[in-house]
Amino acid sequence: MSISETNQAVAITRPGDPDVLVRQPWPMPESGPGDVLVRVAAAGVNGPDLAQRRGHYDPPPGASPLPGLEVSGEIIGIGAAVTGWQLGDRVMALTNGGGYADFVAVPAGQVLPVPDGWSLADAAALPETWFTVTQTLVMRAGLTAGMNVLIHGAAGGIGGAAIQIACILGAKAIAVVSSGEKAAYARALGAHATINYKTEDIAARALALTDGAGVDRVLDIIGGAMAITNITASARGGHIVQVSTLDGASAEIPLRTIMAKQLTLSGSTLRPQTAGTKAAIADHIRTHLLPALARPDFVRPRVTCFPIADAAAAHRAMEGRNHLGKLVLLTPFGAAN
């Protein structure tokens, strides 16, 4: 297949508000022997993209300076060391940056097939959040059938992924939300119960829902004072997973309670992980989670699409914290497919 010699990408012209995002000509990405070249149909918008735009999240050495950590599209180039993929395959992928573009090169180990029946726009909303939750809550914290898991930000991208992954594994998701609309969305994704943090005490309600035992796992994107709430809500032997700190990067925590309850508190970020780690996460998703996504009764996350030229509007919408599900940027190729 012939490849256009021109590429358009959304660049961060300087640290700042969403208006610093500008779509402009950009060099074609360089593909290594272990990479596939993807013609991008859609790119998901995620919290790290916003942090990078503000100047608070520098790309790791060697990574693309462009934002965009997940894409869907079509393979148009295959490295000499790559097996298992063919030109024209519809894929979704965790990138190492550079997703806000017409073309992106991705290590083949970070690529997954688009689930049967899914549009490319819907598929672009999966990789970053599903890789994050799989790495932290499943592979590291050991979420398994029969557990209760408290999920903060449950109507957003990471929270929604956590609900659905919990359901696939046979765990019960308790979703923390801020409105009735978001509670309804979380229940539609499979949440066992919901807690409105604006009107209910999260820890007290979590304890009541578990007959006083507490939750086995917690997925937190809030940080700050929420740390104490999570510790109070946790069961003996529980594990609290910190994947973001939207409301505070520091917290005062009761160490004796952690000791008495034998709790584990772990944290991780996805982007700096090695290619081998990311490939292992992809293998886990492919084997244990991906088959469920092709079921006719699987509820797809809500996706709101923006033209890639209007990436600034997508960032403003995400900063408003009022959206449900994921925000996705469509390239001209994606809009036509």
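Residues numbered from 1 in each chain as written. Predicted model: local features only at pLDDT ≥ 70, side-chain atom pairs only at ≥ 80, totals over all residues. Heavy atoms only, no water.

Colleague: Is there a simple way to explain the layout of surface pockets in this structure?
Modeller: Of the voids in this model, the largest pocket is the one considered here, and its volume is about 1300 Å³. Considering the residues around the largest pocket, the lining is formed by 50 residues, among which Gly-47, Ile-221, Ser-244, Leu-246 and Met-318 are closest to the centre. For the lining of the largest pocket, the secondary-structure elements that each account for two or more residues are helix 1 (47–54), helix 3 (127–140), helix 4 (157–169), strand 9 (172–177), helix 10 (311–319) and strand 15 (326–330). Examining the composition of the lining of the largest pocket, we find that 5 residues originate from one element, helix 1, more than from any other. When grouped by side-chain class, the residues that make up the lining of the largest pocket number 20 nonpolar, 21 polar and 9 charged. Each pocket or cavity is described by its volume, and for the second largest pocket that value is around 410 Å³. Here the lining of the second largest pocket is built from residues that sort into 12 nonpolar, 6 polar and 2 charged. (1 Å grid on protein atoms, 1.4 Å probe; cavity = no way out; pocket = protein on both sides within 12 Å on 5 of 7 lines; lining within 4 Å. Points joined across faces, edges and corners; volume = space filled by probe spheres on them. Helix = DSSP H or I, 4+ residues; strand = E, 2+ residues; numbered from the N terminus. Nonpolar A, V, L, I, M, F, W, Y, C, P; charged D, E, K, R; others polar.)

Colleague: Hey, could you run me through the side chain of Lys-326 in this one?
Modeller: Relative to the elements of secondary structure, Lys-326 occurs in strand 15. A polar side-chain atom of Lys-326 sits 2.5 Å from a polar atom in the side chain of Glu-70. Setting aside residues no more than four positions away along its own chain, Lys-326 makes contact with Val-45, Asn-46, Glu-70, Ala-125, Thr-129, Gly-157, Arg-302, Val-303 and Thr-304. (Polar contact = N/O pair within 3.5 Å; in protein donor to acceptor, adjacent residues only side chain to side chain. Contact = heavy atoms within 4.5 Å.)

Colleague: Looking at this structure, I do not really get the nonpolar core. What am I missing?
Modeller: Within soluble globular proteins, side chains that are nonpolar generally end up buried alongside one another. Within the largest apolar cluster, 64 residues are counted, with the highest numbers of intra-cluster contacts made by Trp-130, Phe-131, Leu-150 and Ile-163. A total of 6 residues in this core trace back to one element, the largest contributor, which is helix 9 (residues 275–293). If sequence neighbours within four positions are ignored, Leu-150 has contacts with Ile-174, Val-176, Ile-195, Ile-202, Ala-206, Val-215, Arg-217, Val-218, Leu-219, Asn-230 and Ala-233. Judged by nonpolar contacts, the second largest core, of 26 residues, contains Val-10, Tyr-100, Val-104 and Ala-313. (Core = buried A, V, L, I, M, F, W, Y, C linked by side-chain atoms within 4.5 Å. Buried < 20%, exposed > 50% of the residue type's maximum accessible area, 1.4 Å probe, protein only.)

Colleague: Help me understand unusual backbone geometry, please; the structure alone is not making it clear to me.
Modeller: Glycine aside, residues mostly have negative phi, and peptide bonds are mostly found in the trans state. Not every positive phi belongs to a glycine, and Asp-211 is a case in point at roughly 55°. The topology assignment puts Asp-211 in the loop between helix 6 (202–209) and strand 11 (215–220). Unlike most non-glycine residues, Arg-321 shows phi in positive territory, near 60°. Checked against the element boundaries, Arg-321 lands in the loop between helix 10 and strand 15.

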